[in-house]
Amino acid sequence: MKRNLVVQKFGGTSVKDAERIKAVAQRIAKTRESGKDVVVVVSAMAGETNRLLDLARQISENPNRREIDLLLSSGERVSCALLALALHELGCPAVALTGRQMGLLTDGSHTRARIKQIDGARARKILQENHVVVVAGFQGINEQGDVTTLGRGGSDTSAVALAVALDADLCEIYTDVSGVFTADPRLVPDARKLNQVSFEEMLEMASLGCKVLQIRSVEFARNFNMPLVVRSSYNDNPGTLIVKENENMEQPVVSAVTSDTDQSKITVSGVPDQPGIAAKIFSALATGNLSVDMIIQNVSEQKHTDISFTLPKSCVTEARAIMEELVPEIHAGKVSCAADISKISIVGAGMRSHPGVAAKMFETLSAEKINIMMISTSEIRISCIIEEQHTQRALESLHKAFRLELAESTETETNKAETARERKAAGS
Ligand code: ADP
Ligand code: ASP
Ligand code: MG
């Protein structure tokens, strides 16, 4: 008979020191004792990935990405080995595996590799022997056998991909907050924990700055219908269930508000208003492997226009260089950049059937005298680019305007107290 299999992923703060690693081991051992098979995916200890990146930058301004991957992968090797040792101490048999030993094959795009295939044979064999499998998250190997990593926050994606490959019943993401909230609880103290979120909403939130889950992990979960639970490794609260949209879900018009300060805007001015010019600009960026987020083109005046687009701050130097090279060829004017912007968004499946949501968002920002520079929408989201300095005010006022602090549950107070306690425990 097939036993229930659960994949449990523990983020950096959950394994930040020996004490936390022991606490996590106890949780895993308890799950196993309840009769389930357990595969664990673990992140590097809190701060370790940043520490390694910082070391590399002290040595090289533009470090080679292949070597960076080898360097960063060491963080997760350490935590998975330590966690396996902690499980042994509890009498719980466990085997630690690196990405390579796990058989996690990716494409060759160093520092942002995509998973191509997972060979679950080794993990299945270990599970059959009634051992816990502890996998180093965030890493894999490419076809040449070189170590690759999956981008920041990539252990979430390792976990969901493993859950899919091993046909798990559930994938639990343990972190330092009690679940997915109506806003980042570190920025909006009134934020409320959501009991359920649909894949679509979570996908939007993850792409809009809610870093509790890496976006690719949500894509995997949605594509393979793998239920996810986001919960705290500091308590036993049930957390947030992320599943396919269903009729049992309450559908508030707006479920959450998010902010993303990792945004920059590039403007190419004096662009000739002719067919094919936008294609040239955006093909050049695509060739450079840069993905653009929002785009705005002004009304043409005397056959010339301005085109602005946004992209992550880390891409701006590359994008600017590409644009400056292109400007003479397309007979445009000049290229300018603004890094002090942020994207503020509201997300909610209920938006589909409720008119007037955009108007309310714009009115709220206008009442705060916050200027909107760009707008983009999808069926269940509205995003505005604003000046970075107004981010906090925009978040709080929108959270209030859409009454996100109030909801079905009386949990708000408990959540607030809990979040404060957890933050203290996580040392942040
Ligand atoms: P881990 O190290 O466990 O992977 P992360 O730091 O990557 O944890 O993600 C958890 C953090 O995500 C929380 O501490 C919280 O500040 C942040 N976060 C941002 N938006 C939200 C949200 N809407 N709900 C919950 N957490 C959020
Ligand atoms: N350690 C990696 C990071 O800090 C991956 C992860 O934690 O998910 O981004
Ligand atoms: Mg994370």
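Residues numbered from 1 in each chain as written. Chains lettered and ligands numbered in written order. Predicted model: local features only at pLDDT ≥ 70, side-chain atom pairs only at ≥ 80, totals over all residues. Heavy atoms only, no water.

## Considering empty space enclosed by the protein
For step 1, the next point in the chain: Evaluated as defined, the whole model comprises two cavities of 30 Å³ or more.
For step 2, the next point in the chain: As a volume, the largest cavity reaches approximately 90 Å³.
For step 3, the next point in the chain: Around the largest cavity, the lining residues are Leu194, Gln196, Val197, Ser198, Glu201, Glu245, Met249, Glu250, Gln251, Pro252, Ser255 and Ala349.
For step 4, the next point in the chain: Along the lines of polarity and charge, the residues of the lining of the largest cavity split into five nonpolar, four polar and three charged.
For step 5, the next point in the chain: Computed from the structure, the second largest cavity encloses a volume of approximately 50 Å³. (1 Å grid on protein atoms, 1.4 Å probe; cavity = no way out; pocket = protein on both sides within 12 Å on 5 of 7 lines; lining within 4 Å. Points joined across faces, edges and corners; volume = space filled by probe spheres on them. Nonpolar A, V, L, I, M, F, W, Y, C, P; charged D, E, K, R; others polar.)

## Re the environment of His399
For step 1, the next point in the chain: Within the secondary structure, His399 sits in helix H12 (residues 391–401).
For step 2, the next point in the chain: Sequence separation between His399 and Ala349 is 50 residues; the distance between their C-alpha atoms is 16 Å.
For step 3, the next point in the chain: Engagement of the side chain of His399 in a polar contact is seen with the side chain of Thr182, the distance being 2.7 Å. (Helix = DSSP H or I, 4+ residues; strand = E, 2+ residues; numbered from the N terminus. Polar contact = N/O pair within 3.5 Å; in protein donor to acceptor, adjacent residues only side chain to side chain.)

## Focus on the environment of His304
For step 1, the next point in the chain: The topology assignment puts His304 in strand E15 (residues 304–311).
For step 2, the next point in the chain: On a C-alpha basis, the gap between His304 and Ile382 in space is 29 Å, while along the polypeptide they are 78 residues apart.
For step 3, the next point in the chain: Those residues in contact with His304 that sit more than four places away from it in its chain are Gly270, Val271, Pro272, Asp273 and Val299. (Contact = heavy atoms within 4.5 Å.)

## A look at the site of ligand 2
For step 1, the next point in the chain: Inspection of the region around ligand 2 gives Ser43, Ala44, Thr49, Glu76, Phe138, Arg152, Gly153, Gly154 and Ser155 as its neighbouring residues.
For step 2, the next point in the chain: Contact with the protein chains hides 86% of the accessible area of ligand 2, taken as 260 Å² for the molecule alone.
For step 3, the next point in the chain: Tallied by class, the residues present in the shell around ligand 2 amount to two nonpolar, five polar and two charged. (Near = heavy atom within 4 Å. Areas by Shrake-Rupley, 256 points an atom, 1.4 Å probe, with all protein chains shown as cover.)

## Considering helix H9 (residues 277–287)
For step 1, the next point in the chain: Those residues of H9 not exposed but buried are Ile277, Ile281 and Leu285. Burial along H9 is one-sided: seen end-on, the buried residues are contained in an arc of 70 degrees. Exposed residues lying more than 90 degrees from the buried face of H9 are Ala286 and Thr287.
For step 2, the next point in the chain: Downstream of H9 by one or two residues, Asn289 has phi in the positive range, about 65 degrees. (Buried < 20%, exposed > 50% of the residue type's maximum accessible area, 1.4 Å probe, protein only. Arc of directions from axis to C-beta.)

## Examining the site of ligand 1
For step 1, the next point in the chain: If you check the shell around ligand 1, you find 18 residues, and the closest are Thr175, Asp176, Phe181, Asp184 and Arg186.
For step 2, the next point in the chain: Thr175 is positioned with one of its side-chain polar atoms (N or O) 2.7 Å from an oxygen atom of ligand 1.
For step 3, the next point in the chain: Here an oxygen atom of ligand 1 sits 3.3 Å away from a polar atom, N or O, in the side chain of Lys211.
For step 4, the next point in the chain: Burial of ligand 1 by the protein chains amounts to 89% of its free accessible area of 570 Å².

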